[in-house]
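Here is what each chain is made of, one letter per residue.
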Amino acid sequence: MLIIGEKLNSSIPTVRQFITEKNTAAIQDLAKRQVAAGADYLDLNTAQGDEIPNMEWLVQTVQEVTDVPLCIDSTSAAAIKKGLDTVRGDKSRVLINSLSLEKNRIEEVLPLVLEHRCPVIGLTLDDNGIPKTAEERIALSERLIELLNQNNYDLDRLYIDPLVLPLAVNHLNATMFFKCLTEIKRLFQVKTVSGLSNISYNSPKRKIVNRHFLTLCMAFDMDAAILDPLDRKIMTSVVTNDFLLGKDRFGKKYLKAYRSEALDD
Ligand code: THG
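Below: a short report on this structure.

Rules used throughout
Residues numbered from 1 in each chain as written. Predicted model: local features only at pLDDT ≥ 70, side-chain atom pairs only at ≥ 80, totals over all residues. Heavy atoms only, no water. Helix = DSSP H or I, 4+ residues; strand = E, 2+ residues; numbered from the N terminus. Buried < 20%, exposed > 50% of the residue type's maximum accessible area, 1.4 Å probe, protein only. Pairing = 2+ DSSP bridges. Axes fitted to C-alpha atoms, helices over the stretch in contact; angles between N-to-C directions. Core = buried A, V, L, I, M, F, W, Y, C linked by side-chain atoms within 4.5 Å. Contact = heavy atoms within 4.5 Å. Right-handed = clockwise from strand over helix to strand, strands pointing away.

A word on the environment of Ser 141. In this fold, Ser 141 is placed in helix α7 (residues 134-150). Using a relative accessible area of 0% as the deciding quantity, one classes Ser 141 as buried. Taking the C-alpha atoms as reference points, Ser 141 and Ile 160, 19 residues apart in sequence, are found 7.1 Å from one another.

Listed below in structure tokens is the structure:
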């Protein structure tokens, strides 16, 4: 499974402070440690604070220490554009997080995706909000796919995020999500992604719920996850599940993780 490291997010109070203070060493340390722990992408979010200049600084600061591709995480097209403009090297490697069927995102974010042919996360969300049922989310996925297809976008680069809602709000929110994962892949053959941690909102011992939810999502063939790669237990689950699900030939990655003492039982 593809790992998108979530730590460089201004919603985390310590990280917000690092960004505000322009603490280059602390940010670069978080970037390097996530990559060392197995992150395939680094998510960058500066929504809390002076978003656009902070995005410019964060992209520059992170790219000084790693070549791992970036995931630009913002609801603001202007912040995404600033991130893209600042990235050095191949802009078509940037994962745009995110597009949705909200009118302003279609008008402002879609052109950026198409201009640079970036991979993109598509949220099952429109101007009416997040639909309650799996059927409605699948219908929104279909509309998003049609929209991208009409614009000759390579659908292999699309990751649909069916958006997790807390189990504490409805005890069927996880099973509804699994249905979305299954049906989106069966009907459209596109990739899926999730930010996971919303599932445990308002439940005790959140890490247990997040970790077991991740395992189940992997069994339902989810392709990517936005998570904390510095959490040894969740990364142990990722590596072990890939091994069990036939995605780790000869157990090469599992054994490598074992030898580097990354596995936590
Ligand atoms: N979908 C998409 N993008 C998203 C989300 C999503 N971006 C934002 C968010 N959800 C995913 N990112 C985060 C970032 C940080 C935390 C949670 C989600 C967080 N981190 C704590 C920390 O690092 O201190 C705790 C981490 C832990 O449990 O170990 O809370 O759903 N497309």
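Next comes the rest of the description.
Quick look at the sheet that holds strand β4 (residues 95-101) now. Taken together, eight strands build a closed barrel; the order of strands is β1-β2-β3-β4-β5-β6-β7-β8 and the barrel is parallel. Taking the axes of each pair of neighbouring strands and ignoring which way they run, one obtains an average angle of 30° across the sheet. Relative to strand β5 (residues 120-126), β4 runs parallel, the two being bridged by four bridges. Considered in β5, the bridge of Ile 96 is made with Val 120.

In terms of nonpolar packing, the biggest core is built from 47 residues, with Ile 27, Leu 44, Val 62, Leu 70, Ile 72, Ile 96 and Leu 158 touching the most fellow members. No other element matches α7, which puts seven residues into this core. If near-sequence neighbours (up to four positions away) are discounted, Val 62 is found in contact with Leu 8, Ile 27, Ala 31, Leu 42, Leu 44 and Leu 70. By size, the runner-up hydrophobic cluster in this structure holds 19 residues, among which are Ala 174, Met 218, Leu 227 and Met 235.

All right, on to the pairing of strand β6 (residues 158-161) then. Residues of β6 alternate between two faces, with Leu 158 and Ile 160 on one and Tyr 159 and Asp 161 on the opposite face, all of them buried. As paired strands, β5 and β6 are joined by four bridges and run parallel to one another. Along β6, the bridge assignment pairs Gly 122 with Ile 160. Following the backbone out of β5, through α7 and into the adjacent parallel β6, one traces a crossover that is right-handed. Pairing of β6 with strand β7 (residues 191-194) involves two bridges; the strand directions are parallel. Within the sheet, the bridge partner assigned to Tyr 159 lies in β7 and is Lys 191. Each parallel crossover has a hand, and the one from β6 via helix α8 (residues 173-188) to β7 is right-handed.

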